[in-house]
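Okay, here's what each chain looks like letter by letter:
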Amino acid sequence: INVLSTLLQSSDQGTKVEKSIPELFVGHYSNYVECLNVDYTSSRKQPYMEIQLDILGCKDIYDSLERFCEEERLDGPNKYNAEDFGFQVRSFL
């Protein structure tokens, strides 16, 4: 996608569609954090042009996408600093 996007952007410079190519290849996803032991949540919308999917152990693209969207629980050294609550065990989606 990056190579294709770069080629298309260079070929449309100076035309009326010059700014449209990046918009065609950009998506958005939300990072959502919920602490398990205190009342704290956080959500942040982020743009992306590509995502990295696991393919080993996945039967198809849908399985890879499902794995990408799975909830992840972080604890131990991966605890989340929840502003006024300090480091917390969290669920990350």
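Residues numbered from 1 in each chain as written. Predicted model: local features only at pLDDT ≥ 70, side-chain atom pairs only at ≥ 80, totals over all residues. Heavy atoms only, no water.

Visitor: Outline a nonpolar patch on the surface, supporting the account with residue identities and numerical values.
Guide: A contiguous nonpolar patch, built from Ile-51, Ile-61, Tyr-62, Leu-65 and Phe-68 and spanning about 480 Å² of accessible area, is present on the exposed surface. Turning to its location among the elements, Leu-65 is positioned in helix α3 (residues 61-68). (Patch = residues over 30% accessible without salt bridge, like charges linked within 9 Å, V, L, I, M, F, W, Y side chains within 5 Å. Areas by Shrake-Rupley, 256 points an atom, 1.4 Å probe, with all protein chains shown as cover. Salt bridge = Lys/Arg side-chain N within 4 Å of Asp/Glu carboxyl O. Helix = DSSP H or I, 4+ residues; strand = E, 2+ residues; numbered from the N terminus.)

Visitor: Can you explain the pairing of strand β2 (residues 41-48)? Please cite residues and give values.
Guide: Bridge count between strand β1 (residues 27-35) and β2: eight bridges; the pairing is antiparallel. The residue bridging Ser-30 from the neighbouring strand is Lys-45, located in β2. Counted between consecutive antiparallel strands, the loop separating β1 from β2 contains five residues. (Pairing = 2+ DSSP bridges.)

Visitor: Which residues make up the environment of Glu-71, and what values do they have?
Guide: Position of Glu-71 among the secondary structure elements: in the loop between α3 and β3 (72-74). For Glu-71, a relative accessible area of 54% corresponds to the exposed category. For Glu-71 and Tyr-32, which are 39 residues apart along the polypeptide, the C-alpha to C-alpha distance reads 9.6 Å. (Buried < 20%, exposed > 50% of the residue type's maximum accessible area, 1.4 Å probe, protein only.)

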